[in-house]
Amino acid sequence: MPTLSKRTETFTDSVIRRMTRVSLKYGAVNLSQGFPDFEPPKEILDRLAEVTREDFHQYSITWGAQNFREALAEKQSALMGFDIDPNAEIVVTCGSTEAMMAAMMTVTDPGDRVIVFSPFYENYGADAILSGAEPIYVPLYPPEFNFKTDELEAAFRKGAKALILCNPSNPCGKVFTYEELKTIADLAERYDAFVITDEVYEHIVYAPHKHIYLASLPGMRARTLSCSSLSKTYSITGWRLGYIIAAPEVIEAAKKVHDFLTVGAAAPLQEAAVTGLKFGADYYEKLAETYTHKRDLFLKGLDDIGIPHTVPQGAYYIMLDISDFGFDDDLEFCEVLARDVGVGAVPGSSFFREPVNHLIRLHFAKRDETLNEALNRLNDIYKKIPKRK
Ligand code: GLN
């Protein structure tokens, strides 16, 4: 038999998605892979039902259906603070996952270097390998997950072609401040690099923190590929609707990459999602309120149990510190947690470049009943998982 490609040898399957399978195996409350267990907005579902009987069953325009791009341009122009041309500055993709991959392939050649903050969402490592780019990791230091400007500058100095910025950040829940974004923007400009953002949690931010789009900073519109999706904003992770917003020359190239990768996102789903893109500001306020409530409920539960944890400023993940249990291997801890306590989590090591194995990630994008059930089970964690040492 001929050998398989070298590129597939250098990364594992997604640990996040593997933990969903582990949760299913043990009947655990799955707080590993981040997706909601509540319904998307009814208006979107009603429109989906209508769309099945309308003429949306063939390919849409490869870079996105016209009315989807127009609705998206209108929504994002208001948020990002500049006019987005729906015909020249948007590519609609199959989720932000494809958006990030297509963005990487649009700006890098094999051998180019890309800066990735650590901890990072696990896809970025695989994206780099698949596109042939070499990641340079820059640590974010807990508890605030701040970067050191001199370390970031040293990474740019190594000749980085692009920086990947997840804001609000998965898994650490950091929301970058204006000053931090300005530092990143200044360095990107000084060292002539692109920034690829992943802003899928743009509407899930906890007061007093505020989401600022990097592309809205002076000079950054030209060098930023803003990636995001509808998954988290409208609770439709299975629809796989994402996009890249960037300058026309960048989008021209990204359209080609996207076209040959996937041809296009599902036409009927784009049409139904237009309903969501046209929601007023009250929808996004309500979404942030809902998640603030869930965050507070879950954090209080964890405090009552006495497990140390991070406090997210945005997104819907919490990192728990499991040092007390004395495990050497956080993956093994997550297996034991799913099996003996009945709660699914993701080992922190899948997000860190550094050898970190004392953190696990849980998410709270779940109905209150589900969160309360998880907390009930976690109540016994110290009894059910004996300390090792
Ligand atoms: N972004 C979510 C997470 O981090 C879901 C990832 C995925 O499976 N696409 O869990």
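The following paragraphs examine the structure supplied in this document. The structure presented is a predicted model; accordingly, all values stated were derived computationally and were not measured. (Residues numbered from 1 in each chain as written. Predicted model: local features only at pLDDT ≥ 70, side-chain atom pairs only at ≥ 80, totals over all residues. Heavy atoms only, no water.)

**Some thoughts on the overall build of the chain**
Let me state the cut-off plainly: Strands are runs of DSSP state E lasting at least two residues, helices are runs of H or I lasting at least four, and both sets are numbered from the N terminus onward. Every radius of gyration here is taken over C-alpha atoms, with the globule rule written as 2.2 Å times N^0.38, N being the number of residues. Type-normalised accessible area, obtained with a 1.4 Å probe on protein chains alone, sets the label of each residue: buried when under 20%, exposed when over 50%, and partly exposed for intermediate values. The contact definition used throughout considers only heavy atoms, calling two residues in contact when any of these lie within 4.5 Å. Shrake-Rupley sampling with a 1.4 Å probe provides the accessible areas, and residues are treated as covered by the protein chains on show and by no other component. Residues scored as positive are Lys and Arg, those scored as negative are Asp and Glu, and His as well as the terminal groups of each chain are ignored. Charge positions are represented by NZ for Lys, CZ for Arg, CG for Asp and CD for Glu.
The number of helices and strands found in the chain is 13 helices and 12 strands. Taking 21 Å as the expected radius of gyration for a compact globule of 389 residues, we find that the chain reaches 21 Å, a close match to that expectation. Counting all 389 residues of the chain, 57% fall into the buried class. Of the contacts made within the chain by residues no fewer than 6 positions apart, 75% connect residues no fewer than 24 positions apart. Of the roughly 16800 Å² of accessible surface on the chain, 54% is carried by carbon and sulfur atoms. Separation of charge centres in the chain, based on 42 positive and 55 negative side chains, amounts to 4 Å.

**Some points on the state of the cysteines**
Convention followed: Throughout, a disulfide means two cysteine sulfur atoms within 2.5 Å of one another.
Applying the stated criterion across every chain yields a total of zero disulfides. The thiol of C166 is not disulfide-bonded; the next cysteine sulfur, from C172, is found 8.1 Å away. Not engaged in a disulfide, the cysteine C227 finds its nearest cysteine sulfur in C166; these two sulfurs lie 11 Å apart. Judged by its relative accessible area of 0%, C227 falls in the buried class.

**Structural notes on helix α10 (residues 281-305)**
The line we're drawing: The span expected for a helix works out to 1.5 Å for each residue beyond the first.
Helix length check: α10 (25 residues) gives 37 Å between terminal C-alpha atoms against 36 Å at 1.5 Å per residue, within 8%. Residue G306 follows α10 closely and has a positive phi angle near 95°.

**Description of the packing of aromatic side chains**
Basically, it comes down to this: Each pair of aromatic rings taken from Phe, Tyr and Trp, with Trp reduced to its six-membered ring, is defined by centres within 6.5 Å and is described as stacked if the planes are under 30 degrees apart, edge-to-face if over 60, and tilted in the remaining cases. Whether a charge lies above a ring is judged from NZ of Lys or CZ of Arg, which has to be within 6 Å of the ring centre and within 35 degrees of the ring normal.
Under the criterion given, the structure shown has 19 aromatic pairs. For the pair Y234 and Y284, a centre-to-centre distance of 6.2 Å together with 70° between the ring planes defines the contact as edge-to-face. Residue Y234 is found in the loop between β7 (224-229) and β8 (241-245), and its partner Y284 is found in helix α10; the two are separated by 50 residues along the sequence. Here the two residues Y234 and Y284 agree in accessibility, since each one is buried. Connected via pairs of aromatic rings, a cluster forms that spans F38, Y201, Y291, Y316 and Y317. A cation sits over an aromatic face here: K174 above F176, 5.1 Å from the ring centre.

**Focus on the environment of T12**
Secondary-structure assignment places T12 in the segment before α1 (15-26). Judged by its relative accessible area of 54%, T12 is exposed. Measuring from C-alpha to C-alpha, the distance between T12 and A126 comes to 8.7 Å, with 114 residues separating the pair along the chain.

**Concerning the side chain of R47**
Put simply, the test is: Polar contacts here mean pairs of N or O atoms no more than 3.5 Å apart (in protein, one a potential hydrogen donor and the other a potential acceptor; neighbouring residues in sequence count only if both atoms are side-chain atoms).
Structurally, R47 can be placed in helix α2 (residues 42-51). Within the structure, the side chain of R47 is placed 2.9 Å from the side chain of E271, a separation counted as a polar contact.

**Regarding the sheet that holds strand β3 (residues 113-118)**
Formally: When DSSP finds at least two bridges between two strands, those strands are taken to pair. Simply put, an axis is a line fit to the C-alpha atoms, just over the touching stretch for a helix, and the angle between two N-to-C directions goes from 0 to 180 degrees.
With respect to topology, seven strands assemble into an open sheet ordered β2-β8-β7-β6-β5-β3-β4, the strand pairing being mixed. The open sheet has two free edges, formed respectively by β2 (90-94) and β4 (134-139), since each of these has just one partner strand. Ignoring strand direction, the axes of neighbouring strands in this sheet form an average angle of 25°. For β3 and strand β5 (residues 160-166), the ladder comprises four bridges, and the chain directions are parallel. Looking at β5, one finds that I115 is bridged to L163. Packed onto the sheet, helix α6 (residues 149-157) meets β3, β4 and β5 and runs at close to 170° relative to β4.

**Describing the pattern of salt bridges**
Counted only if it meets this: By definition here, a salt bridge exists when the distance from a side-chain nitrogen of Lys or Arg to a carboxyl oxygen of Asp or Glu is within 4 Å.
As enumerated under the stated definition, the model contains 23 salt bridges in all. One salt bridge in this structure joins R367 and D37, with 3.6 Å as the shortest N-O distance. In this pair, R367 is assigned in the loop between β12 (359-363) and α12 (368-378) and D37 in the loop between β1 (29-30) and α2, connecting sequence segments 330 residues apart. Take R367: its relative accessible area is 37%, and that puts it in the partly exposed class. Relative accessible area serves as the criterion here: at 26%, D37 is assigned to the partly exposed category.

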